[in-house]
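Architecture and fold: a report
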Amino acid sequence: MEAINYLNPTAQMILFSALKIGVVFGVVMTAVAYAVLVERKVSAWIQNRVGPNRTAPFFINYLPVIGPLLVRLGIFQPAADGLKFLLKEDFTPSYVRKVYFWLAPAITVIPALLTVAVIPFGSNLGSEKMVIADLNVGILYTFGIVSLGVYGIVLAGYGSNSKYPFLGSIRSTAQMISYEIAMGMSVIPIFILTESLNLSDIIRYQAENGWMIFKQPLAFVIFLIASFAETNRLPFDLPESESELVGGYHTEYSSMKFALFFLGEYANMIASAAMMVTLFLGGWTLPFIDALNLPASSLLLGLIHIGVFFAKMAFFMIVFIWVRWMLPRFRYDQLMDLGWRRFIPLALANIVVTALVVALFNN
Amino acid sequence: MPQFTDLFFYALAGLTLLFGFLTVLNPLSRSPVTSAMFLVLTILCMAGLFVLLHAFFLAAVQILVYAGAVMVVFLFVIMLLDLKADQRRHFNKIAVGLGGLSTLAIAGTLVASIVKTIPVSQTAGRLAEGETKALGRLLFESHILPFEILSVLLLVAMVGAILITKKDLR
């Protein structure tokens, strides 16, 4: 470890960034796999079923009590699912537009993973900040990258060259663009209050002045609902509504390419959950305890901060999953009505009111 | 590290020109969707150039507005129209003339602004406050009139677009 100190700053920066990217990538991928498991378990409990409880690797017999318990919780199910996706036949229909058909799954996954780069998932470990890129315009970066995610779905529909995927991708484009506007406008009051676009600054502001969810409840509600629409989750999953469109934009996909769409959806959920924690729930901070509210002074505190962030994120993931199995799907005109005629005017009014309050009372 | 940034600049500038060329004249494909996708790549490379200039706000907005919103709608329209090859080959003389004229006008404006620009090193050092804040101040203090004119222009275009889609006007 001593050798690190002899490297020049640039080499250190590259080393630590690579390390952080690797760890975050690994954690997100694992989280995606287990989010699928949680989804299956929660849906099972909601519908009074048991859920996955059979997958058992050979070494499980050597663990007396814990082994069967892990099997019943379905801990090994994600590994089996992943293996299944890899080993299934990857079928490409003859009528597809090959280049776009191949590109689309990749374009869906990449933006979802890139979003995580600016999110501060902890204060610091040692002298190293727990964020991959502490951008000055972090939040705009996130919105920019998220807005690129729609290409994956558009190209999947176009590349598949058949009816249902195309209808699904058209729905998705309109839906994602509409809710992006509402989502983008809902966070403007936060900039007005914090006077910064940097996510670390926004967390610092919340540590000092209380969480944003209490100051901007309307913004939070709009952001939360818009993120359901952005991730194509129920009650907004019209792009893939199976009762009308078979499977929507991913009807023609199989095997690993289908898995990539799946992965993209869950990675998007994780990114939205992380954004909501950062913007509205104070990121890695917890109020009333100074040690948890200020940047960490020891390694243990740094790890606790990361734990706090993940706990908050897990809460939102559970909300995403819970809502999906409780609510029916919207009709398409209801979806558009909600986006354009309810949320956008509400978000605009919220901006005006916040700006007025700041202008009148802050001087 | 000046060499590194130079390398990135030439790579990005080259890619911008290449993708721009492929948008207009692609030897491999005449599909308008492919052209639109190359235009998206051009825009992304231009955002990269903004990042090299430390204009992070412009880079983010470039991606957010052009690549993320405008181009998606373009793509959407192109896919829905699904033009046949013979319709695409048809040239309208007036359209070509007007297109050429506006291209020349834009090129002239660009060249003029490049010639008139004073290099940054001669005007000011680094900005003390955040770069986004400085941009906001410039727009809302010294350039408020052109900014507002542009806003009204955008509003007019928006109202116009909505009016066109309305079938029966009351």
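Note on numbering: residues in each chain are counted from 1, in written sequence order. Here every chain gets a letter starting at A, and every ligand a number starting at 1, in the order they are written. Where local features are concerned, this predicted model is filtered to residues with pLDDT of at least 70; where side-chain atom pairs are given and counted, the filter is 80 or more; whole-chain, interface and lining totals use all residues.

**Overview of the overall build of chain A**
Only DSSP runs of H or I reaching four residues or more are called helices, and only runs of E reaching two or more are called strands; each is numbered from the N terminus. A count of helices and strands for chain A gives 17 helices and 2 strands. At 22 Å, chain A has a C-alpha radius of gyration in line with the 21 Å of a compact globule built from 363 residues. Projecting the C-alpha coordinates of chain A onto the three principal axes gives extents of approximately 65 × 60 × 45 Å. Buried residues in chain A amount to 45% of all 363 residues. Throughout, a pair of residues is in contact if the C-beta atoms placed from their backbones lie within 7 Å. Within chain A, counting contacts between residues at least 6 apart in sequence, those at least 24 apart form 77% of the total. Just to be clear, the radius of gyration here is over C-alpha atoms, and the globule rule we use is 2.2 Å times residues to the power 0.38. Backbone-placed C-beta atoms define the burial measure: a residue is buried with 20 or more other C-beta atoms within 10 Å of its own, exposed with 12 or fewer, and partly exposed in between.

**Here's the deal with the overall build of chain B**
A count of helical and extended segments in chain B gives 8 helices and 0 strands. Mapped in sequence order, the helices and strands of chain B form the string α-α-α-α-α-α-α-α. Taking all 170 residues of chain B together, 14% fall into the buried category. In chain B, the share of contacts with a sequence separation of at least 24, taken over all contacts with a separation of at least 6, comes to 57%.

**A word on the packing of helix α2 (residues 9–46) of chain A against helix α4 (residues 77–87) of chain A**
Residue and element names in this part refer to chain A. Lines fitted to C-alpha atoms define the axes here, with helix axes fitted over just the stretch in contact, and angles between the N-to-C directions of these axes take values from 0 to 180 degrees. Interhelical geometry of α2 versus α4 gives an angle of 110° and a closest axis separation of 9 Å. Classed by the angle they form, the pair α2 and α4 counts as roughly perpendicular. On α4, the residues that touch Ala33, Tyr34, Val36 and Leu37 of α2 are Gln77, Pro78, Asp81 and Gly82. Nonpolar residues are Ala, Val, Leu, Ile, Met, Phe, Trp, Tyr, Cys and Pro. Charged residues are Asp, Glu, Lys and Arg, and all others, Gly as well, are polar. The residue inventory of the contact of α2 with α4, partitioned by class, reads 5 nonpolar, 2 polar and 1 charged. Comment on the angle field: the value is read as roughly parallel under 35 degrees, roughly antiparallel over 145, roughly perpendicular from 65 to 115, and oblique elsewhere.

**Topic: the interface of chain A and chain B**
The interface is formed by 15 residues belonging to chain A together with 17 residues belonging to chain B. If you list the elements that add at least two residues to the side of chain A that touches chain B, you get α6 (138–148), α7 (150–160) and α8 (163–186) of chain A. With 6 residues, α6 of chain A is the largest single contributor of residues to the side of chain A that touches chain B. Partitioning the side of chain A that touches chain B into residue classes produces 11 nonpolar, 4 polar and no charged.

**A short note on the packing of helix α14 (residues 255–280) of chain A against helix α16 (residues 299–326) of chain A**
Each pair of packed helices gets described by two things: the angle between the helix axes and the distance between those axes. Residue and element names in this part refer to chain A. Where α14 meets α16, the closest approach of the two axes is 9 Å, and the angle between their N-to-C directions is 125°. Taken together, the axes of α14 and α16 lie oblique to each other. For the pair α14 and α16, the sense of crossing is right-handed. Every residue of α16 that contacts α14 at Met269, Ala273, Ala274, Met276 and Val277 is listed here: Phe309, Lys312, Met313, Phe316, Met317 and Phe320. Grouping the constituent residues of the contact of α14 with α16 by class yields 10 nonpolar, no polar and 1 charged. Crossing chirality is assigned from the near helix's rotation relative to the far helix, an anticlockwise turn below a right angle marking it left-handed and a clockwise turn marking it right-handed.

**With respect to the environment of Leu113 of chain A**
Residues and elements named next belong to chain A. Among the secondary structure elements, Leu113 is positioned in helix α5 (residues 98–114). Judged by local crowding, Leu113 falls into the buried class, with 21 C-beta atoms found within 10 Å. Measuring from C-alpha to C-alpha, the distance between Leu113 and Gln206 comes to 26 Å, with 93 residues separating the pair along the chain.

**With respect to the nonpolar core**
Counting 113 residues, the largest nonpolar core has Leu140, Ala267 and Ile270 of chain A together with Ala60 of chain B as the members making the most contacts within it. Per-element accounting of this core gives the leading share, 15 residues, to α14 of chain A. If we ignore the near neighbours within four places in the chain, the residues touching Ile270 of chain A are Val28, Ala31 and Val32 of chain A. In plain words, the nonpolar core is the set of buried Ala, Val, Leu, Ile, Met, Phe, Trp, Tyr and Cys residues that C-beta atoms within 7 Å link up.

**What to know about helix α8 (residues 144–165) of chain B**
Between its first and last C-alpha atoms α8 of chain B spans 32 Å; for 22 residues at 1.5 Å apiece the expected length is 32 Å, and the two agree. Counted residue by residue, α8 of chain B has 0 buried out of 22 residues, so it is predominantly exposed. One fewer than the residue count of a helix, multiplied by 1.5 Å, yields its expected span.

**Looking at the environment of Ala13 of chain B**
As for its placement among the helices and strands, Ala13 of chain B is situated in helix α1 (residues 2–24). Taking the number of C-beta atoms within 10 Å as the measure of exposure, Ala13 of chain B has 15 and is therefore partly exposed.

**Section: the confidence of the model for chain B**
You can read pLDDT as the predictor saying how much it trusts each residue, on a scale of 0 to 100. Residues at a pLDDT of 70 or more form 85% of chain B, whose mean pLDDT is 81. The complex model carries a pTM of 0.84, and its ipTM stands at 0.79.

**A few points about unusual backbone geometry**
All names here are of chain A. At Asn161, a residue that is not glycine, the phi angle is positive and equals roughly 60°. Within the secondary structure layout, Asn161 lies in the loop between α7 and α8. What makes Asn161 partly exposed here is the crowd of 17 C-beta atoms within 10 Å. The backbone phi angle of Ser255 is positive, close to 55°, even though this residue is not glycine. Inspection of the secondary structure puts Ser255 in helix α14.

**Some words on the environment of Met130 of chain A**
All names here are of chain A. Its place among the elements puts Met130 in the loop between β2 (128–129) and α6. A tally of 23 C-beta atoms within 10 Å means that Met130 is categorised as buried. Between the alpha carbons of Met130 and Gly74 there is a distance of 31 Å; along the sequence they are 56 residues apart.

**As for α7 of chain A**
Along an α-helix, a turn takes 3.6 residues, which lines up residues three or four apart on a common side. Burial of α7 of chain A is extensive: 11 of the 11 residues sit out of reach of the surface. Of the residues flanking the end of α7 of chain A, it is Asn161 of chain A, one or two places downstream, whose phi is positive at about 60°.

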